[in-house]
Amino acid sequence: MGRRRGKTGVAVEAGTESVQRIPAWFGEAVLYGKYWLESGLVGYLEEEVRVVRGRMGRYEVMDFVLLLNAYAISGERTIADFYRALESVKEVLMSQWGREGCPSASSLSRFLGCVGGSAVEAMRVLFESDLHRNSVRVKQELGLFDRVSDHSVVFDIDGTVCAVRQRLINTDVRNDPPAVRRSEGGCAPGYRGRKRGEVIRNRTTVCNAQTGEWLGSYGSAGNGEAKLELERCCGVIVRYLGLAEKG
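First things first, this report covers the structure right here in the doc. The structure displayed is predicted, hence computed values, not measured ones.

This part takes up the packing of aromatic side chains. Summed over all chains, the structure comprises seven aromatic pairs. Residues Trp25 and Phe82 carry aromatic rings whose centres are separated by 5.4 Å and whose planes lie at 35° to one another, so their mutual orientation is tilted. Placement of Trp25 in the loop between strand 2 (11–14) and helix 1 (26–39) and of Phe82 in helix 4 (residues 79–86) is noted, with a sequence separation of 57 residues between them. In this structure, Trp25 and Phe82 share a single accessibility class: buried. The rings of Trp25, Tyr71, Phe82 and Tyr83 are connected pair by pair, giving a single aromatic cluster.

Evaluated as defined, the whole model comprises six salt bridges. Here Asp63 makes a salt bridge to Arg99, at a shortest N to O gap of 2.6 Å. Of this pair, Asp63 sits in helix 3 (residues 61–74) while Arg99 sits in the loop between helix 5 (90–96) and helix 6 (105–114); the two residues are 36 residues apart in sequence, bridging distant segments of the chain. Owing to a relative accessible area of 2%, Asp63 belongs among the buried residues under this scheme.

The end-to-end C-alpha distance of helix 7 (residues 117–134) is 26 Å, a good match for the 26 Å that 18 residues give at a rise of 1.5 Å each. Within helix 7, burial applies to Ala119, Ala122, Met123, Leu126, Glu128, Asp130 and Leu131.

Time to look at the nonpolar core. Among the nonpolar cores identified, the biggest contains 33 residues, and Trp36, Leu45, Val49, Leu67, Leu86 and Leu93 are the most heavily contacted of them. When contributions to this core are tallied by element, the ones reaching two or more residues are helix 1, helix 2 (41–48), helix 3, helix 4, helix 5, helix 6 and helix 7. Here this core takes seven residues from helix 3, the largest share from any one element. The residues contacting Val49, other than those within four sequence positions of it, are Tyr44, Val61, Ala119, Ala122 and Met123.

Most of strand 6 (residues 198–208) sits out of view: nine of its 11 residues are buried. Where strand 5 (residues 155–165) and strand 6 come together, 11 bridges link them in antiparallel fashion. Looking across to strand 6, one finds that Phe155 is bridged to Asn208. As paired elements, strand 6 and strand 7 (residues 214–221) share seven bridges and run antiparallel to each other. In the strand pairing of strand 7, Thr204 is matched with Tyr218. Hairpin connection, strand 6 to strand 7: the antiparallel pair is bridged by five residues, and Gly212 has positive phi, about 75°.

The next subject is the side chain of Thr204. Along the chain, the position of Thr204 falls in strand 6. On the basis of relative accessible area, Thr204 is assigned to the buried category, the value being 8%. There is a polar contact of 2.6 Å between the side chain of Thr204 and the side chain of Glu229. Discounting residues that sit within four places of it in the chain, Thr204 has contacts with Ile157, Asp158, Gly159, Gly216, Ser217, Tyr218, Glu229 and Cys233.

Scoring rules and cut-offs
Residues numbered from 1 in each chain as written. Predicted model: local features only at pLDDT ≥ 70, side-chain atom pairs only at ≥ 80, totals over all residues. Heavy atoms only, no water. Phe/Tyr/Trp six-rings, centres within 6.5 Å; stacked < 30°, edge-to-face > 60°. Helix = DSSP H or I, 4+ residues; strand = E, 2+ residues; numbered from the N terminus. Buried < 20%, exposed > 50% of the residue type's maximum accessible area, 1.4 Å probe, protein only. Salt bridge = Lys/Arg side-chain N within 4 Å of Asp/Glu carboxyl O. Expected span 1.5 Å × (residues − 1). Core = buried A, V, L, I, M, F, W, Y, C linked by side-chain atoms within 4.5 Å. Contact = heavy atoms within 4.5 Å. Pairing = 2+ DSSP bridges. Polar contact = N/O pair within 3.5 Å; in protein donor to acceptor, adjacent residues only side chain to side chain.

Okay, here's the thing in structure tokens:
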């Protein structure tokens, strides 16, 4: 421990003890989890979303969903980076949500491997229902108005493609179990993945450009099905506008 006083009278101290840093996204993650609890979303999640899973220990679906929400808020590039940043605050973060423990990265990985299409669709219905209950009403003079006072609401439908680099699997090892890629179900060859060992994943999102409300996100392996995803986005927009007119 050293101490030095400068001419300005400010004391500067330095030590060898490690001080755990609170991530910048911690406060927002806590508030988002509180919203889930107070709005009743956790209750709807427990009743409407079912995931048949294997070795998950004492954790429930809500533990993994709240953790994935924090991962999305954090902006970390990978789950490994997220868990490194989470290490110093994981007990505090989960306790703010009323949970006793934090799932490990391996438990989260096994859970994601068990999530099927029916559970994903149930989550989409859950999010859309919450949006309908708490959305910003379009009637509140939001949108664009032309010179003859016609009202237009702008929606942004955006498609993105992400390439994934895959390493070569060693098939000469006889005693080990068959290797399985984690990205096997979510990625496939496509015209964007032109480098050796690359596969791609397609994602289409839709949001209200005026309010910033996210209405949907649809992912698919490879080049995806653009027409089907556009049709689904249009269906969400129609339901959203129908709710706005009723409100």
